[in-house]
There are 2 protein chains.
Amino acid sequence: MTGRHAARHARITFLGTSSGAPTLARGLPSLALRRGPELFLFDCGEGTQLQFRKAGLRPGRLSRVFISHLHGDHVLGLPGFLMSLQLGGRATPLEIHGPPGIAALIQAVLRLVEAHIGYELRLFEHGAAETVARGDGYQIECRPLDHRAFCLGYALVEAPVPGALDVARARALGVPDGPMMGRLKRGESVTLSSGATVEPAQVVAPARRGLRVAYCTDTRPSDEAIALARDADLLIHEATFAHDRAEDAHAKGHCTAREAAEIATRAGARQLALTHISPRYGDPAPLLSEAQAVFPNTVIAADLMALEVTA
Amino acid sequence: MTGRHAARHARITFLGTSSGAPTLARGLPSLALRRGPELFLFDCGEGTQLQFRKAGLRPGRLSRVFISHLHGDHVLGLPGFLMSLQLGGRATPLEIHGPPGIAALIQAVLRLVEAHIGYELRLFEHGAAETVARGDGYQIECRPLDHRAFCLGYALVEAPVPGALDVARARALGVPDGPMMGRLKRGESVTLSSGATVEPAQVVAPARRGLRVAYCTDTRPSDEAIALARDADLLIHEATFAHDRAEDAHAKGHCTAREAAEIATRAGARQLALTHISPRYGDPAPLLSEAQAVFPNTVIAADLMALEVTA
C-alpha cells in the first residue's frame, strides 16, 4: 500500500439503517462509501438498489461490495442489485467480499431465478482477520466480530501521507536539484559537497495520517471492533437496542448504544455513527442520548443521510 | 365451490408495477387482492414487504401467495417477506403457490440465509391449468402463459350467487312454509296440494354472476390469458412496451399495451389495468392511449394505487 494517493476524505451514504425488518423510516442495512473515483457498498439488504438510486449514486463507480454476514436482512438485496447492474449494461468486473458461504449463496440464488450476469463477478470469502482488498492509497481490512452467525467487520485504512518536500528551503540550505532531493523526501539525510548534513526533518513536512473508517455490524461488544476502529475518523457501529435491553441484545448477538459508545471511546475514534436500529425505536433519541453520555461526538444514522469524513 | 358467500367485491392494491428493475416511481411486481376477510398476494418482487406496509395492509390477513414465475424481479422479495412475518410473530399457516421450482427456491434461500420460519409454509407447485385453491365462495385457477420461463396466470373466480327466494310471493301462490320452499330455492318446481305447479322462476330471483379477476404477467399475447380473463370484471395484464416495440417485446416474452387491450376485448373483460411497465416509460401516456384506442376502459397501474372491483 502506498500512501501517495491517500484521499484523506470519504463520503458515507447510509442506504438502510434498520435491523431485521424494514420500517417506513428505515430500510434494511446497507451503506455506500465513496472515496475518490471509487464507490464501495457495505452490506446489501433488500431494497438497497432502490435506495442507491434514490441517493443519486452512480452504479458505474461501484467496484467492491463487502458483506458482513449471511443473515437475510444484510444480503437479500444483493441478487437483485446484481441483476439490475446487468440490465443497466455493466461490463466491468465487480468484487464481492464476504464470509465463507457468500459465493454459494449468490450463485445459488442467481441460478434459481435464472439470472444471467454477463459481467465478471469476483467472489472472495474471508474466514479470519486479513487485508481483503488493496487500492490506490488504501486497503480494506476485515476482522471477525461476535454475532450469532460468522460476521465480519471492515475498515478502510489509508497509509500515512508522506510530508511534502520544501524545495525552496532545501535549495537555501545548499541542496542541489537532483537525487539528493529524492533521498531527503524518502527520509534519508544527505551530506552536501560542503560537508554539511541536511536532515529530512529540516525540509520535509511531517507525514500526515491517512483516513480510517470502520464498519462493525452485527456484533456484541467486541475487541475486534475496537481493533478495526483504532484511531478511526469514523466508526459506524450497530446499536440495535438501548442499554436497558442489554441482556436481550447480547442473547441476539447485538449490542446497545451505550456499548457502541464505549467501543468508540476505547478505540480512540473521532466520531461514532450508530446504525442497525431496532424497529421498536420509532424515536431513536434514547439511543443517541445514552451514547452521547459516553462518547459525545455521536450521530444516529438515518436512511439517505450522508456523512463527509476527513482524516 | 359454493356461491353462497360470493363477496362480489374485491380491492386490488398495486404494490409494484415496474418490470425488470425498480425505478423511483415503480417498484418490482406485486399486488395485493383483498376479498372479504382474506388477503392474497400475487408476485413478490424485491421491496414488496415495504410497499405492503406503506399500503397499510395487514399481514395477519394474508392467507395465500401466488407467484407467476421464478424470474428474480417477481420473487426475490418473498424470502424477506416471509422472514418479516416471522419477526412479526405470525403463527398461522401461509400458502404459497407457484410454478415447479418455487418450493426449492424458497427453501434454498431460507436455508442459505439461516432463516428460521416458525409458522407453517404450505408450498404448492402447479405445472398445468388447474384450480389451485378454494375458499368460501371462490376459487383460484391458474393457466400457463407464454413467457421465456414457465409462467402462470391466475384468476379469482366466484361461483354465481343463487337468487333470493321471495317468500312472501311464494306464500301468496300457496306454497306452504317447509321443504317446498327449499326445493324452489334449489331450482326445482313443486306441485301444491291444490294440484297447481309453481316454477322457481316465479319466486326466485335470477342468479347473479360472481366476481372474476384475472392476473396475467409475464406473457406474450396468449389464448390462455383470454381464457383466464373471460368475462372478467378486471383483467390485470402486463404491458411492458408500446406497440412500436412489439418485436422486442415478443423476443423477451412480453407483449405490448395494444396487445393487452386486444386480449381484454377478445375476453369480454369489463376493465383492464396495465402493469409491468418498462422503466423506459417515465411517462406511460403512450401505453395508455394505444390501449384505450382498442379497449377504452383501461387504466395504467401505479404503485400503491387501489382499485375497487365489483361483479
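This structure is a prediction, so every number in the text was calculated from the model and none was measured.

(A) Structural detail: the side chain of A:S30. Residues and elements named next belong to chain A. The topology assignment puts S30 in strand β2 (residues 30-35). Take S30: its relative accessible area is 3%, and that puts it in the buried class. A distance of 2.8 Å separates the side chain of S30 from the backbone oxygen of D43, its partner in a polar contact. Excluding residues that lie within four positions of it along the chain, S30 makes contacts with F14, L15, G16, L41, F42, D43, C44, G45 and T48.

(B) Region of interest: helix α4 (residues 102-112) of chain B. Burial analysis of α4(B) places 8 of its 11 residues in the buried class, which makes it a mostly covered element. What α4(B) keeps buried is the set B:I102, B:A103, B:L105, B:I106, B:A108, B:V109, B:L110 and B:L112. Looking at the packing, one finds that the buried side of α4(B) touches α4 (102-112) of chain A together with α2 (72-75), α3 (78-87), β5 (94-98) and β6 (121-125) of chain B. Following α4(B) by one or two positions, B:E114 has its phi on the positive side, about 55°.

(C) Fine view of the interface of chain A and chain B. Contacts between chain A and chain B engage 34 residues on the former and 33 residues on the latter. Both sides together, the interface formed by chain A and chain B hides about 2500 Å², and carbon and sulfur atoms give 67% of it. Among the residues of chain A in contact with chain B, A:E46, A:L76 and A:L112 are the three that bury the most area, contributing 24% of the side total. Where the side of chain A that touches chain B is concerned, the elements lending two or more residues are α1 (48-54), α2 (72-75), α3 (78-87) and α4 of chain A. With 6 residues, the top contributor of residues to the side of chain A that touches chain B is α3(A). Broken down by class, the residue content of the side of chain A that touches chain B amounts to 18 nonpolar, 11 polar and 5 charged.

(D) Structural view of the sheet that holds strand β4 (residues 62-66) of chain A. All names here are of chain A. Pairing in this open sheet of 7 strands is mixed, and the strands run β6-β5-β4-β3-β2-β1-β16 from one edge to the other. Since the sheet does not close on itself, it has two edges, and those belong to β6 (121-125) and β16 (306-310), each with one partner. Across this sheet, the average inter-strand angle for adjacent strands is 20°, counted without regard to direction. Relative to β16, strand β1 (residues 9-16) runs antiparallel, the two being bridged by 5 bridges. Directly across from T13, in β16, lies its bridge partner A306. Lying on the sheet, α3 is in contact with β3 (38-42), β4, β5 (94-98) and β6; it crosses β5 at an angle near 175°. Strands β5 and β6 of the sheet are contacted by α4, whose axis makes an angle of about 140° with β6.

(E) Focus on the state of the cysteines. All names here are of chain B. Following the criterion strictly, the structure yields 0 disulfides over all chains and no others. In this structure C44 is not part of a disulfide, and its nearest cysteine sulfur, from C151, lies 15 Å away. With no disulfide of its own, C255 lies closest to C216 among cysteine sulfurs, the gap being 9.4 Å. A relative accessible area of 0% means that C255 is categorised as buried.

(F) Expanded view of the domain arrangement of chain A. Domains assigned within chain A are domain 1 (9-161 + 207-310) and domain 2 (167-203). Relative placement of domain 1 of chain A and domain 2 of chain A: their C-alpha centres are 46 Å apart.

(G) The arrangement of the pairing of β6(B) in detail. Judged from the 5 bridges that link them, β5(B) and β6(B) form a sheet pairing that is parallel. When the sheet's bridge partners are listed, B:G98 is paired in β6(B) with B:E125.

(H) Expanded view of the packing of α4(A) against α4(B). Viewed as axis vectors pointing N to C, α4(A) and α4(B) meet at an angle of 165°, and their least axial separation amounts to 10 Å. One element, α4(A), and the other, α4(B), form an angle in the roughly antiparallel class. Considering how the two elements wind past one another, α4(A) and α4(B) form a crossing that is left-handed. Along its contact with α4(A), which presents A:L105, A:A108, A:V109 and A:L112, the element α4(B) presents B:L105, B:A108, B:V109 and B:L112. Here the residues of the contact of α4(A) with α4(B) are counted per class, giving 8 nonpolar, no polar and no charged.

(I) The packing of aromatic side chains, seen in detail. Counting across every chain of the model gives 14 aromatic pairs over all chains. Its guanidinium or amino end placed over the ring of A:Y119, A:R90 lies 5.6 Å from that ring's centre, counting from NZ or CZ.

Procedures and definitions
- Residues numbered from 1 in each chain as written.
- Chains lettered and ligands numbered in written order.
- Predicted model: local features only at pLDDT ≥ 70, side-chain atom pairs only at ≥ 80, totals over all residues.
- Heavy atoms only, no water.
- Helix = DSSP H or I, 4+ residues; strand = E, 2+ residues; numbered from the N terminus.
- Buried < 20%, exposed > 50% of the residue type's maximum accessible area, 1.4 Å probe, protein only.
- Polar contact = N/O pair within 3.5 Å; in protein donor to acceptor, adjacent residues only side chain to side chain.
- Contact = heavy atoms within 4.5 Å.
- Buried area = accessible area lost by both parts, 1.4 Å probe.
- Nonpolar A, V, L, I, M, F, W, Y, C, P; charged D, E, K, R; others polar.
- Pairing = 2+ DSSP bridges.
- Axes fitted to C-alpha atoms, helices over the stretch in contact; angles between N-to-C directions.
- Disulfide = S-S within 2.5 Å.
- Domains from an automatic or database assignment.
- Parallel < 35°, antiparallel > 145°, perpendicular 65-115°, else oblique.
- Left-handed = near helix turned anticlockwise from the far one by under 90°.
- Phe/Tyr/Trp six-rings, centres within 6.5 Å; stacked < 30°, edge-to-face > 60°.
- Lys NZ or Arg CZ within 6 Å of the ring centre and 35° of its normal.

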